[in-house]
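Here is what each chain is made of, one letter per residue.
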Amino acid sequence: MRRARPGAPPRGTAERVLTSVEAGADFDVSRDGSTDRKTETTTDTHEARETREARAEERPVSKLWHITLSVSGVESPLKEVRRGLEQLAHDHPFLLTSRYANDHAEIRYWEEARDLHDAAAVALRLWGEHRQTAKLPPWEIVGLEVIDRETYHQRIAEGYGPPPAAPVGVHPY
């Protein structure tokens, strides 16, 4: 049991928290306003079924987006950069791989979002919102690439773009 004032944040947490964009109604049938599948009966009208099906087709479907986030800034000790990236990977195991040097780093991972705008918004908040908790260097985002899964696999198959993110983990350049 945690002892604290009601509404007080837990000790040791930063002011800012990474928030994610909601995946969308396509992952939770109960959100679409239709009847629960368990209670659906054969007396359901043909018109009601068509309405539900049309609504399901209109809903945005979440997709996977491959994110490459590049950051850069003043030189920092390599040990501190590595430790910060490892902490970020520990806090958010969705990170595939990170490469780093003493003045720049690249983070690659998959994000689930409705569209490119949502995926980019989450990616652009990642570094700043975890700067304090992971003790990351005070670098700025200098590059962002967001591509859909099909484009990522097409690039790899054609021999373009970076190789697949392997080995997974935090590695020097």
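For the structure itself, look to the data block above.
Residues numbered from 1 in each chain as written. Predicted model: local features only at pLDDT ≥ 70, side-chain atom pairs only at ≥ 80, totals over all residues. Heavy atoms only, no water.

Chemist: Is there a simple way to explain the overall build of the protein chain in this structure?
Modeler: A tally of helices and strands in the protein chain yields four helices and five strands. The order of α-helices and β-strands along the protein chain, N terminus first, is α-β-α-β-β-α-β-α-β. Among the 173 residues that make up the protein chain, the fraction classed as buried is 31%. Of the contacts made within the protein chain by residues no fewer than 6 positions apart, 73% connect residues no fewer than 24 positions apart. (Helix = DSSP H or I, 4+ residues; strand = E, 2+ residues; numbered from the N terminus. Buried < 20%, exposed > 50% of the residue type's maximum accessible area, 1.4 Å probe, protein only. Contact = heavy atoms within 4.5 Å.)

Chemist: How should I be thinking about the side chain of Thr68 in this particular structure?
Modeler: With respect to the helices, strands and loops of the structure, Thr68 is situated in strand S1 (residues 63-72). Given a relative accessible area of 10%, Thr68 falls into the buried group. In contact with Thr68, not counting residues within four places along its chain, are Glu106, Ile107, Arg108, Gly143, Leu144 and Glu145.

Chemist: Hey, could you run me through the sheet that holds strand S4 (residues 140-148) in this one?
Modeler: Sheet strands line up and pair through hydrogen bonds in the backbone, either parallel or antiparallel. Pairing in this open sheet of five strands is mixed, and the strands run S4-S1-S3-S2-S5 from one edge to the other. One side of each edge strand has no neighbouring strand; the edge strands of this open sheet are S4 and strand S5 (169-172). Within this sheet the neighbouring strands show an average axis-to-axis angle of 15°, counted without direction. The sheet contacts of helix H2 (residues 78-91) involve strand S2 (95-100), strand S3 (104-113) and S5, and relative to S2 the element is tilted by about 170°. Helix H4 (residues 149-158) rests against S1, S3 and S4 of the sheet, and its axis sits at about 90° to S4. (Pairing = 2+ DSSP bridges. Axes fitted to C-alpha atoms, helices over the stretch in contact; angles between N-to-C directions.)

Chemist: Would you take a moment to explain the packing of aromatic side chains for this structure?
Modeler: Here the structure, examined in full by the defined rule, presents two aromatic pairs. Each ring, one from Trp110 and one from Tyr152, has its centre 5.1 Å from the other, and the planes form 80°; the classification is edge-to-face. Placement of the pair is Trp110 in strand S3 and Tyr152 in helix H4, with a sequence separation of 42 residues. A residue is classified by how much of its surface remains accessible, and Tyr152, at 8% relative accessible area, is buried. (Phe/Tyr/Trp six-rings, centres within 6.5 Å; stacked < 30°, edge-to-face > 60°.)

Chemist: For this particular structure, what's the right way to read the pairing of S3?
Modeler: Remember that side chains alternate between the two faces of the sheet whenever the strand is regular. Burial within S3 is extensive, with seven of its ten residues counted as buried. Taken together, the ten bridges between S1 and S3 define a ladder with antiparallel strand orientation. Across the sheet, the residue bridging to Ser72 is His104, located in S3. One ladder, built from five bridges, connects S2 with S3; its direction is antiparallel. Note on S3: the bridge partner recorded for Leu95 is Tyr109.

Chemist: Explain the pattern of salt bridges to me, please; I cannot follow it from the model alone.
Modeler: Here the idea is simple: oppositely charged side chains can pair when their charged atoms come close. Taken as a whole and judged by the stated rule, the model has six salt bridges. Of the charged contacts, one joins Glu129 and Arg125 as a salt bridge, the two residues approaching to 3.7 Å between their closest N and O atoms. Placement of the pair is Glu129 and Arg125 together in helix H3 (residues 116-130), with a separation of four residues, close to one helical turn. (Salt bridge = Lys/Arg side-chain N within 4 Å of Asp/Glu carboxyl O.)

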